[in-house]
Amino acid sequence: MAKKILVVDDDAHIREVIRFALENAGMDVFEAVNGREALEAIGRVQPNLVILDIIMPEMDGLEACRELRKTSELPVLFLTSRDDEIDRIIGLEIGGDDYVTKPFSPRELVARVNVILKRLWKVEQLQSGNARRTLIHGRVSLDLDGHQARWGEQAVVLTATEFGLLEILLRQPGRVYTRDDLIDSPLFADAVTDRTIDSHIRRLRGKFAEAGGQSVVETVHGVGYKLGTCQ
């Protein structure tokens, strides 16, 4: 079944370019012109992924993502036209899975969409199996088949990227991962920066901290990250 992608941008030309690229890749495309219209369309269309411009009238992409994250972990790929990193970092911190900077290559956009969809497909395949696999370290547990994370008995809702990063750390608890190690993992497409990794790790820590876990991911200064004691 073709994947459904919701494209949200107030520029009709941008929407047309993205539609052409995604439809050529075999996906079904739906459109919205601002964040408010996007939230309504998500409930109606039930897309597999949202491509969300940051700067839009009525409700911008960041506000729309904040509203979406109150009830859903639907993957979000941000579009940003600014040269600095602020919008991109903020977007990832509030729940975005990736970003593309305008002007962009349609081929790169499709590649990034496919990376995110592949992660979701892997989760769906795992969920369809009979045996459930769980990684456990201290009070952290990761149900790979059910795509569920827990701190003790409390569920912690993670995006696909956050879940993937935690899985990498849990598989080798004693290993210190450099940012380059994580950038080169299958979680990310090309052109991911150190700041992107830091942003995802910060959000991962924050979510476990809200559940009472203060030692899930440790920073090894000058090197990278490793799994904490999780006690």
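Structure first, text after, so check above.
Source: prediction; values computed, not measured.

Colleague: Hey, could you go over the sheet that holds strand β7 (residues 140-143) for me, with residue numbers and the actual values?
Modeller: With antiparallel pairing, the 4 strands of this open sheet are ordered in space as β6-β7-β8-β9. Unpaired on one side and paired on the other, β6 (134-137) and β9 (154-156) mark the two borders of the sheet. Adjacent strand axes in the sheet meet at a mean angle of 25°, parallel and antiparallel pairs treated alike. The sheet contact formed by β7 and strand β8 (residues 148-151) spans 4 bridges and is antiparallel. Paired with Ser141 across the bridge in β8 is Arg150. The strands touched by helix α6 (residues 160-171) are β6, β7 and β8; relative to β7, the strand with the most contacts, the crossing angle is about 115°.

Colleague: I'd like a rundown of the environment of Arg69, residues and numbers included.
Modeller: Note on placement: Arg69 falls in helix α3 (residues 61-69). Residues Arg69 and Gly95, 26 residues apart in the sequence, show an inter-C-alpha distance of 6.7 Å. The contact partners of Arg69, leaving out residues within four places of it in the chain, are Leu74, Pro75, Val76, Ile94, Gly95, Asp97 and Thr159. A polar contact of 2.8 Å, which involves the side chain of Arg69, links it to the backbone oxygen of Leu74.

Colleague: Got a sec to walk through the packing of aromatic side chains? Specific residues and values, please.
Modeller: Two aromatic rings, taken as a pair, are described by how far apart their centres are and by the angle between their planes. Counting across every chain of the model gives 1 aromatic pair. Relative to Phe208, the ring of Trp151 lies with its centre 6.5 Å away and its plane at 75°, an arrangement referred to as edge-to-face. With a gap of 57 residues between them, Trp151 in strand β8 and Phe208 in helix α8 (residues 194-210) connect regions that are remote in the sequence. Taking the relative accessible area as the measure of exposure, Phe208 reaches 0% and is therefore buried.

Here is what the cut-offs are and how they apply
Residues numbered from 1 in each chain as written. Predicted model: local features only at pLDDT ≥ 70, side-chain atom pairs only at ≥ 80, totals over all residues. Heavy atoms only, no water. Pairing = 2+ DSSP bridges. Helix = DSSP H or I, 4+ residues; strand = E, 2+ residues; numbered from the N terminus. Axes fitted to C-alpha atoms, helices over the stretch in contact; angles between N-to-C directions. Contact = heavy atoms within 4.5 Å. Polar contact = N/O pair within 3.5 Å; in protein donor to acceptor, adjacent residues only side chain to side chain. Phe/Tyr/Trp six-rings, centres within 6.5 Å; stacked < 30°, edge-to-face > 60°. Buried < 20%, exposed > 50% of the residue type's maximum accessible area, 1.4 Å probe, protein only.

In short, geometric facts, not functional conclusions.
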